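Structural overview for review
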Amino acid sequence: MPIKRNSHQNNITLEEFYLDLSATSANAYIDVGKEMLLFIEMINQTFKETLLWGLTSHARLVIQNVDYWNADWLITVSNIGTKEYYFEYLVPENQQPWPNATVRGEARTLADAKKYLLIAMRECDGWTENVELKRLLEENNLD
């Protein structure tokens, strides 16, 4: 299933948001929009059964497991107009050394970004019983 934009921001799709960013922005935001479109396309090609929800905050993509804008920002992905993707995921509450602790990292390619997304989904505990995620982790030697 494709990643869907949270209904709180449903005036345009995620694809339309990043397409507009790449078409109407100046400087590096053109490339940010293009790279984030590639990331969304990768999500849509990877997940066939799992519905992910996306919010945008500035040019960042926030990935959630429910269609509620105020739910935890489980995974946040950003790009600065280069081939790198910056990840941040929320540490599960029972493992947090302080409230809202996160783990951050950088994927240098889209292929690595796919792996980091799968790892972040597993580690944040937002999709614990998701069969498709478990299969994808195994297929990518990440289990």
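Reference entry: report on the structure contained in this document. All values derive from a computational prediction rather than experimental measurement. (Residues numbered from 1 in each chain as written. Predicted model: local features only at pLDDT ≥ 70, side-chain atom pairs only at ≥ 80, totals over all residues. Heavy atoms only, no water.)

**Comments concerning helix H3 (residues 110–123)**
Put simply, the test is: Only DSSP runs of H or I with at least four residues qualify as helices, and only runs of E with at least two residues qualify as strands; both kinds are numbered from the N terminus onward. Under the convention used throughout, the expected extent of a helix is 1.5 Å for every residue step, that is, one less than its residue count. Think of it in three bands: with a 1.4 Å probe and only protein chains considered, a residue is buried below 20% of the maximum accessible area for its type, exposed above 50%, and partly exposed in between. This arc describes the spread of directions from the helix axis toward the C-beta atoms. The contact criterion used throughout is that any non-hydrogen atoms of two residues lie within 4.5 Å.
When the terminal C-alpha atoms of H3 are compared, their 20 Å separation across 14 residues agrees well with the 20 Å that a helix rising 1.5 Å per residue should span. Every buried residue belonging to H3 is among Ala113, Leu117, Leu118, Ala120 and Met121, and all of these are buried. Summarising the axial view, the buried residues of H3 lie within an arc of 165°, below the 170-degree limit, and thus occupy one face. Lining the buried residues of H3 we find helix H2 (29–46), strand S3 (60–64), strand S4 (75–78), strand S5 (85–90), strand S6 (102–107) and helix H4 (131–139). Positioned one or two residues after H3, Asp125 has a phi angle of 65°, which is positive.

**Some remarks on the packing of H3 against H4**
Helix-helix packing is described using two parameters, namely the angle between the two axes and the distance between the axes. The following threshold applies: Angles run from 0 to 180 degrees between N-to-C directions of axes, and those axes are lines fitted to C-alpha atoms, restricted for helices to the stretch in contact. Working rule for angles: under 35 degrees goes down as roughly parallel, over 145 as roughly antiparallel, 65 to 115 as roughly perpendicular, anything else as oblique. Helix crossings fall into two classes, left-handed where the near helix is turned counterclockwise from the far one by less than a right angle and right-handed where it is turned clockwise. Under the scheme applied here, ten amino acids are nonpolar (Ala, Val, Leu, Ile, Met, Phe, Trp, Tyr, Cys and Pro), four are charged (Asp, Glu, Lys and Arg), and all others, including Gly, are polar.
Where H3 meets H4, the closest approach of the two axes is 10 Å, and the angle between their N-to-C directions is 130°. As the angle between them shows, H3 and H4 are arranged oblique. For the pair H3 and H4, the crossing hand works out as left-handed. In this structure, H3 uses Leu118, Ile119, Met121 and Arg122 to contact H4, whose residues at the interface are Leu133, Leu136 and Leu137. Broken down by class, the residue content of the contact of H3 with H4 amounts to six nonpolar, no polar and one charged.

**Topic: the environment of Ala101**
Relative to the elements of secondary structure, Ala101 occurs in the loop between S5 and S6. Judged by relative accessible area, which is 3%, Ala101 ranks as buried. Separated by ten residues in the primary sequence, Ala101 and Val91 have C-alpha atoms spaced 5.6 Å apart. Contacts of Ala101, omitting those with residues within four sequence positions, involve Tyr89, Leu90, Val91 and Gln96.

**Focus on the sheet that holds S6**
Quick note on the threshold: A strand pair is defined by DSSP finding two or more bridges across the two strands.
With mixed pairing, six strands are arranged side by side in an open sheet as S1-S2-S3-S4-S5-S6. The two strands at the open ends of the sheet, each matched to only one other strand, are strand S1 (4–5) and S6. The sheet contacts of helix H1 (residues 14–24) involve S1, strand S2 (53–57) and S3, and relative to S2 the element is tilted by about 30°. Where H2 meets the sheet, its contacts fall on S3, S4 and S5, and the angle it forms with S3 comes to roughly 20°.

Purely geometric stuff here, so don't read any function into it on its own.
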